[in-house]
Structures are given as structure tokens and as C-alpha cells.
Amino acid sequence: MAAAILLVAPAASAEEAGRKVFEESGCPTCHAVASKEIEAKIDSGPDLGTVAMREADWLASYLRKQARNGEKEHPTGFSGDDAELELLIGWLRSLGDPD
């Protein structure tokens, strides 16, 4: 049973770290994630609860302002480092996983 706990702990830890990057990067200023009870402060962007369907590479490019979503470009480029971006994208993509 201890082995199972060790296998689950890193995932929970990565999820917490990704959520922390989300919050500390100011994402909740515009974006809500209702499934995680995160409310947007100004509600100008979409709820990110369905972003899990996007490919990780596309998300990284979009957040770095190197890709567009149709005609739209993300208003602010992600300013964190690659490791933080990876944690953020991992967390965003986990939003589609059942709890």
C-alpha cells in the first residue's frame, strides 16, 4: 500500500504546483476554472475547464504568443520559465480528468 501512495504523491504535487503557477501568474484575473472553484476577478476570458482538449505544444505556443486561436492572440504572454510553463500546462490538461 505504501507503494501506491508514493505513486500518487508526485501527481498531486505536480497538480498543486501547476495550480500555484496558474494563480501566481495572474491567470485568474481573466480566467475562471469552475471545476476547481476558481473565479475570475474581471471575467474577461473563457472558463478554462475545457482547455484539456488542446495539445500541450499548442497551449505552450499560445501562452507564449507564438500561436493564435482563430483570429485571437492571448492578450499577455506567459512570462515564467519553461519549467513553470510545463507545470501550468500539465495542470490545465488535467482539468479534463475525472476527480
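Only a predicted model underlies this, so the values are computations on that prediction, with no experimental measurement involved.

**Overview of the overall build of the protein**
In terms of helices and strands, the protein carries 3 helices and 0 strands. The proportion of buried residues among the 99 residues of the protein is 29%. Of the roughly 6700 Å² of accessible surface on the protein, a fraction of 54% belongs to carbon and sulfur atoms.

**As for the nonpolar core**
With 16 residues, the main nonpolar core has Phe22, Val33, Leu63, Leu88, Trp91 and Leu92 as its most contacted residues. Every element with two or more residues in this core is listed here: helix 1 (2–24), helix 2 (56–63) and helix 3 (82–94). Of all the elements, helix 3 adds the most residues to this core, at 5 residues. With residues near it in sequence (within four places) discarded, Leu92 still touches Phe22, Leu48, Val51, Ala52 and Leu63.

**What to know about helix 2**
Buried residues of helix 2: Leu59, Tyr62 and Leu63, and no others. All buried residues of helix 2 fall inside an arc of 90° around its axis, so they share one side. Buried residues in helix 2 make contact with helix 3. Two residues or fewer past helix 2, Lys65 is found with a positive phi of approximately 65°.

**Structural notes on the pattern of salt bridges**
Tallying each qualifying case throughout the model produces 6 salt bridges. Two residues, Glu24 and Lys20, come together in a salt bridge whose shortest N-O distance is 3.9 Å. In this pair, Glu24 and Lys20 both sit in helix 1, 4 residues apart, roughly one turn of the helix. Overall, Glu24 belongs to the exposed group, its relative accessible area being 61%. With relative accessibility at 47%, the residue Lys20 sits in the partly exposed group. For Arg64, the salt bridge identified is with Asp82, shortest N-O distance 3.0 Å. One end of the pair, Arg64, is in the loop between helix 2 and helix 3; the other, Asp82, is in helix 3, and 18 residues separate them in sequence. By relative accessible area, Arg64 is classed as partly exposed at 23%. Given the relative accessible area of 60%, Asp82 is considered exposed. Among the charged side chains, a salt-bridge network with shared partners connects Lys65, Arg68 and Glu73.

**Observations regarding the side chain of His74**
The topology assignment puts His74 in the loop between helix 2 and helix 3. When near neighbours in sequence (up to four residues on either side) are disregarded, His74 contacts His31, Tyr62, Leu63 and Lys65.

**Considerations on the packing of aromatic side chains**
Tallied over the entire structure, the rule returns 2 aromatic pairs. Measuring from centroid to centroid gives 4.9 Å for Phe22 and Trp91, while their planes differ by 50°, and the two rings are tilted. Of this pair, Phe22 sits in helix 1 while Trp91 sits in helix 3, and the two are 69 residues apart along the sequence. Judged by its relative accessible area of 0%, Phe22 is buried. Residue class for Trp91 comes out buried when judged on its relative accessible area of 2%.

Here is what the cut-offs are and how they apply
Residues numbered from 1 in each chain as written. Predicted model: local features only at pLDDT ≥ 70, side-chain atom pairs only at ≥ 80, totals over all residues. Heavy atoms only, no water. Helix = DSSP H or I, 4+ residues; strand = E, 2+ residues; numbered from the N terminus. Buried < 20%, exposed > 50% of the residue type's maximum accessible area, 1.4 Å probe, protein only. Areas by Shrake-Rupley, 256 points an atom, 1.4 Å probe, with all protein chains shown as cover. Core = buried A, V, L, I, M, F, W, Y, C linked by side-chain atoms within 4.5 Å. Contact = heavy atoms within 4.5 Å. Arc of directions from axis to C-beta. Salt bridge = Lys/Arg side-chain N within 4 Å of Asp/Glu carboxyl O. Phe/Tyr/Trp six-rings, centres within 6.5 Å; stacked < 30°, edge-to-face > 60°.

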